[in-house]
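Analysis of the macromolecular model
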Amino acid sequence: DDVAKNFINSFSEKKNIIGVHPFRSNFAYSVYDYFNLPAKNIPVDIVKEIINDQNNYLIFGSKKDLSDYGLQESDNIKFVDFDNIIYSLSTVKYCDALIGLDSCFKSMSSMQRIKTICIIGEFKDDTRDQHFINQYEKDGVMKVYRLKNLENEKQKLVSFLKNNLF
């Protein structure tokens, strides 16, 4: 916990913290590949559209994912890329909100009753929905955007994210 706390204290100003996990896990990639589904990340241009100076941002991912993503760290943007995922997951509790795909990060935030916005594919997945989505959505902790076609829905997705953060 000290590692996560020290990391949070590295922001130059105290502001609301929005976590963003724009990547799928290796497990999700394998499942999507097995079922021949498109495994999408949240494109960097969408993340850049929601970033503003009024908040601090934690961008979660591996060192490789983040180095190839096209976003730079700044006074209010920090990369959470600890070698040990436990440290990264323990950082989630400092978020006031989290935007993510169907991953352990959105599960961690919603279990801690942190406002969570989850982007999932618009397809039937009973295990995902029954165990990791529906109850949090019903409880009002999680807002879910069911994505059909990213290229056709970018502006709609950006509006959904902005309207549901605070």
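For the protein chain, the count of helices and strands is eight helices and six strands. For the protein chain, the N- to C-terminal ordering of α and β elements is α-β-α-α-β-α-β-α-β-α-β-α-β-α. Relative to its length of 166 residues, the protein chain is compact, with a C-alpha radius of gyration of 15 Å against a globular reference of 15 Å. Along the three orthogonal principal directions, the C-alpha set of the protein chain runs to about 45 × 35 × 30 Å. Here the protein chain holds 166 residues, and the buried ones make up 45% of them. Within the protein chain, residue pairs in contact and separated by at least 24 positions form 59% of the contacts whose partners lie at least 6 positions apart. About 9,100 Å² of surface is accessible on the protein chain, with carbon and sulfur atoms providing 48% of the total.

Ranked by internal contacts, the top residues of the largest apolar core, which has 27 residues, are I42, I59, I99, I119 and L161. Where this core is concerned, the elements lending two or more residues are β1 (16–21), α3 (44–50), β2 (55–60), β3 (77–80), β4 (97–101), β5 (115–121), β6 (142–147) and α8 (150–165). The element best represented in this core is α8, accounting for six residues. Beyond its immediate stretch of four places on either side in the chain, L161 contacts I46, I50, I99, I117 and I119. Judged by nonpolar contacts, the second largest core, of 13 residues, contains L58, L89, V92 and L98.

Bringing the environment of R146 into the picture now. Within the secondary structure, R146 is located in strand β6. For R146, a relative accessible area of 29% translates into the label partly exposed. Taking the C-alpha atoms as reference, R146 lies 27 Å from I77; in sequence the two are 69 residues apart. Apart from residues no more than four positions distant in its own chain, R146 is found in contact with I120, E122, I133, N134, E137 and E153. Only 3.2 Å separates the side chain of R146 from the side chain of E137, close enough to count as a polar contact.

Every buried residue belonging to helix α6 (residues 104–111) is among F105, K106, S107, S109 and S110, and all of these are buried. Following α6 by one or two positions, R113 has its phi on the positive side, about 65°.

As a further point, take the pattern of salt bridges. Here the structure, examined in full by the defined rule, presents six salt bridges. K64 is paired through a salt bridge with D68; the nearest N and O atoms lie 2.5 Å apart. Overall, the relative accessible area of 57% leaves K64 in the exposed class. Overlapping salt bridges bring together K63, D81 and D83 as one network.

Strand order in this open sheet of six strands is β3-β2-β1-β4-β5-β6, and the pairing throughout is parallel. The sheet is open, and its two borders are formed by β3 and β6, each paired with just one other strand. Sheet twist, expressed as the average angle between the axes of neighbouring strands with direction ignored, equals 15°. Relative to β3, β2 runs parallel, the two sharing four bridges.

About the criteria used
- Residues numbered from 1 in each chain as written.
- Predicted model: local features only at pLDDT ≥ 70, side-chain atom pairs only at ≥ 80, totals over all residues.
- Heavy atoms only, no water.
- Helix = DSSP H or I, 4+ residues; strand = E, 2+ residues; numbered from the N terminus.
- Rg over C-alpha atoms; globule rule 2.2 N^0.38 Å.
- Buried < 20%, exposed > 50% of the residue type's maximum accessible area, 1.4 Å probe, protein only.
- Contact = heavy atoms within 4.5 Å.
- Areas by Shrake-Rupley, 256 points an atom, 1.4 Å probe, with all protein chains shown as cover.
- Core = buried A, V, L, I, M, F, W, Y, C linked by side-chain atoms within 4.5 Å.
- Polar contact = N/O pair within 3.5 Å; in protein donor to acceptor, adjacent residues only side chain to side chain.
- Salt bridge = Lys/Arg side-chain N within 4 Å of Asp/Glu carboxyl O.
- Pairing = 2+ DSSP bridges.
- Axes fitted to C-alpha atoms, helices over the stretch in contact; angles between N-to-C directions.

These results come straight from atomic positions and should not be treated as a statement about function.
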